[in-house]
Amino acid sequence: MSTLITNIAELMTQDAEHRVLRDAAVVIEGERISWLGPASEAPAADEAVDAGGRALLPGWVDSHTHLIFAGDRTAEFEARMAGESYSAGGIAVTTGATRSTSDYDLTRLAMGRVAEAVAQGTTYLETKTGYGLDLENEARSARIASTVADEVTYLGAHLVPAGADAEEYTELVCGPMLAAVRPYVRWADVFCEQGAFNEEQSRRVLLACKAAGLGLRVHGNQLGEGPGVRLAVEVGAASVDHVNYLSAADIEALAASWSGWDADGGSGSGKGTGGSGTRGTVATCLPACDLSTRQPLAPGRELLDAGVQIALASNCNPGTSYTSSMAFCVTTAVLQMRLSVHEAVRAATYGGALALGRESGNDVDGERAVGSIAVGHRADLHLLNAPSATHLAYRPGIPLTHAVWRAGVPQKLR
């Protein structure tokens, strides 16, 4: 079954050539993109969809969420808005509620959050464990997450549970808990921050998870300058997330990690990929969280100018960023972080794919790439009810999602 989407006013590919096509068309065949180009040259297809002069983007790739939770932290939010500072300890409130909720209800809640994200244009997302914080509940969270998300990250090292010894808990995270979650997860993460896990504990967790065959991520430099960024680069983490407080040395270390990367990816290869060579550590900015915690926004402009690959993600979670709106993150990045619209959209699509190791793959190598529109890539598409992506920032707060295809399948929007 093939579908032609035609009469596209603006097609922002986010491919290797960073192309923006006008009066364009795309053909979907099964789960893949089989053709794109000028609408006047489009081949025949089994069915046709008239985009009506709207803009078409890759679907959002949300590379940082915490969707497996129960409970409510409205009171904490109200207190923070009244002037209290954010600390990592609020996680414990969610842990209690999550542990006492049934598998059925946790799954139902998570599926509702995924549906909410898809209705706003998100077509590929990661989520983490981290609200179980004991062996049984972390394994349960990982299992549930594997049924609702595209990528699952083990975050047993989110916080040391109340009453637990930090060293004993770190050993649990590195040993029996890791073994219990391993069948369900592809990534591991650690909250390397004051009030959570120190540098030595974080390194132990990351190295144990790396030895178990997991890719690595780090929560770092959210509440102040610290070792998170440098540790992420040291262990070869795919991303370091939050990055609110960065020294010149931190930015330099992130930039150096990309020194062997060709951002254009050999554009003449015809593969449609957006880079090649030795991948570095993506700096993932979480602007919705920054606003909620009243931290300074991550220095996205400085990171890009230094040659660092960045991603934008929602950090959807009950305490500090209870939103799955990637459009809001893009809008904030343009209006307050000084990114261009194209840069912000790229960070929220290709950048997220890069942070998840899913930026490449096509008909030749068999694994479909996400986060960009190119032949052979997964047909994850987001049609805006606007003639250009600029409207995301030009009309802040206006819901602009008109239609979504996820792996070639039209999605029901709420």
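Values in this document were obtained by computation on a predicted structure and should not be read as measured data. (Residues numbered from 1 in each chain as written. Predicted model: local features only at pLDDT ≥ 70, side-chain atom pairs only at ≥ 80, totals over all residues. Heavy atoms only, no water.)

(A) Quick look at the pattern of salt bridges. Going through the model one piece at a time under the given rule, you end up with 25 salt bridges. For the salt bridge of Lys128 with Glu126, the shortest nitrogen-to-oxygen distance reads 2.7 Å. With respect to burial, Lys128 and Glu126 carry one shared label: buried. Between Glu302 and Arg338 there is a salt bridge, with its nearest N and O atoms 3.0 Å apart. Taken together, the residues span a long stretch of sequence, with Glu302 in helix H11 (residues 300-305) and Arg338 in the loop between helix H12 (326-336) and helix H13 (341-348) at a distance of 36 residues. Residue Glu302 is classed as partly exposed on the basis of its relative accessible area, which comes to 35%. Residues joined by salt bridges that share partners form a network here, namely Glu167, Glu171, Glu200 and Arg204. (Salt bridge = Lys/Arg side-chain N within 4 Å of Asp/Glu carboxyl O. Buried < 20%, exposed > 50% of the residue type's maximum accessible area, 1.4 Å probe, protein only. Helix = DSSP H or I, 4+ residues; strand = E, 2+ residues; numbered from the N terminus.)

(B) Molecular detail of the sheet that holds strand S2 (residues 20-29). Strands sit in the order S3-S2-S1-S4-S15-S16-S17 across an open sheet of seven strands; the sheet is mixed. Strand pairing shows two members of the sheet lacking a second neighbour, strand S3 (32-38) and strand S17 (409-410), which therefore form its edges. Strand direction decides the pairing type here: strand S1 (residues 2-12) and strand S4 (residues 47-58), joined by seven bridges, are parallel. Along S4, the bridge assignment pairs Thr3 with Glu47. (Pairing = 2+ DSSP bridges.)

(C) Spatial organisation of the confidence of the model for the protein chain. Per-residue pLDDT for the protein chain has a mean of 95; in total, 96% of the residues score no lower than 70. The least confident element of the protein chain, judged by mean pLDDT, is strand S12 (residues 276-277) at 86; the most confident is strand S5 (residues 60-62) at 99. (pLDDT = per-residue confidence, 0-100.)

(D) Just the layout of surface pockets, in detail. Roughly 370 Å³ of internal volume is contained in the largest pocket. Lining the largest pocket are 19 residues; nearest its centre among them are Ser325, Ala327, Ile398, Pro399 and Leu400. Mapped by element, the contributors of at least two residues to the lining of the largest pocket are H12 and helix H15 (391-394). The greatest single-element share of the lining of the largest pocket, amounting to three residues, is contributed by H12. (1 Å grid on protein atoms, 1.4 Å probe; cavity = no way out; pocket = protein on both sides within 12 Å on 5 of 7 lines; lining within 4 Å. Points joined across faces, edges and corners; volume = space filled by probe spheres on them.)

(E) Spatial organisation of the packing of helix H3 (residues 103-118) against helix H4 (residues 135-148). Where H3 contacts H4, the axes come no closer than 10 Å and their chain directions differ by 40°. For the element pair H3 / H4, the angle class is oblique. Considering how the two elements wind past one another, H3 and H4 form a crossing that is right-handed. Judged by residue contacts, Asp103, Leu106, Thr107, Ala110, Met111 and Val114 of H3 engage Arg140, Arg143, Ile144, Thr147 and Val148 from H4. Classifying every residue of the contact of H3 with H4 gives six nonpolar, two polar and three charged. (Axes fitted to C-alpha atoms, helices over the stretch in contact; angles between N-to-C directions. Parallel < 35°, antiparallel > 145°, perpendicular 65-115°, else oblique. Left-handed = near helix turned anticlockwise from the far one by under 90°. Contact = heavy atoms within 4.5 Å. Nonpolar A, V, L, I, M, F, W, Y, C, P; charged D, E, K, R; others polar.)

(F) Representation of the side chain of Thr293. Here Thr293 shows up in helix H10 (residues 287-293). At 2.8 Å, the side chain of Thr293 and the backbone oxygen of Cys289 are in polar contact. Apart from the residues within four sequence positions on either side, Thr293 is in contact with Arg80, Tyr86, Gln222 and Thr320. (Polar contact = N/O pair within 3.5 Å; in protein donor to acceptor, adjacent residues only side chain to side chain.)

(G) Expanded view of the nonpolar core. Ranked by internal contacts, the top residues of the largest apolar core, which has 90 residues, are Tyr154, Val243, Leu303, Leu312, Val345 and Leu392. Ignoring sequence-local partners within four residues, the contact set of Leu312 consists of Val61, Cys285, Pro287, Met326, Cys329, Val330, Ala333, Met337, Ala344, Ala347 and Ala348. One finds Leu11, Ile28, Leu56 and Leu383 within the second-largest nonpolar core, a separate group that totals 17 residues. (Core = buried A, V, L, I, M, F, W, Y, C linked by side-chain atoms within 4.5 Å.)

(H) Focus on unusual backbone geometry. Not every positive phi belongs to a glycine, and Asn221 is a case in point at roughly 60°. Within the secondary structure layout, Asn221 lies in the loop between strand S9 (215-220) and helix H8 (228-234). The backbone of Arg294 shows a phi angle near 55°, a positive value even though the residue is not glycine. Counting through the fold element by element, Arg294 comes out in the loop between H10 and H11.

(I) Representation of the packing of aromatic side chains. Per the counting criterion, the structure on display carries four aromatic pairs. Ring plane angle 80° and centroid distance 6.3 Å describe the contact between Phe69 and Tyr131, whose orientation is recorded as edge-to-face. On the criterion of sequence distance, the pair formed by Phe69 in the loop between S5 and helix H1 (74-81) and Tyr131 in the loop between strand S6 (122-128) and H4 is long-range, its members being 62 residues apart. You can call Phe69 buried: its relative accessible area is 0%. On the basis of an interplanar angle of 80° and a centroid distance of 5.4 Å, the ring pair of Trp258 and Trp261 is categorised as edge-to-face. For Trp261, a relative accessible area of 11% puts it in the buried group. Grouped by ring-pair contacts, the aromatic residues Phe69, Tyr131 and Tyr322 constitute a single cluster. Sitting over the face of the ring of Phe69, Arg113 holds its NZ or CZ atom 3.5 Å from the ring centroid. (Phe/Tyr/Trp six-rings, centres within 6.5 Å; stacked < 30°, edge-to-face > 60°. Lys NZ or Arg CZ within 6 Å of the ring centre and 35° of its normal.)

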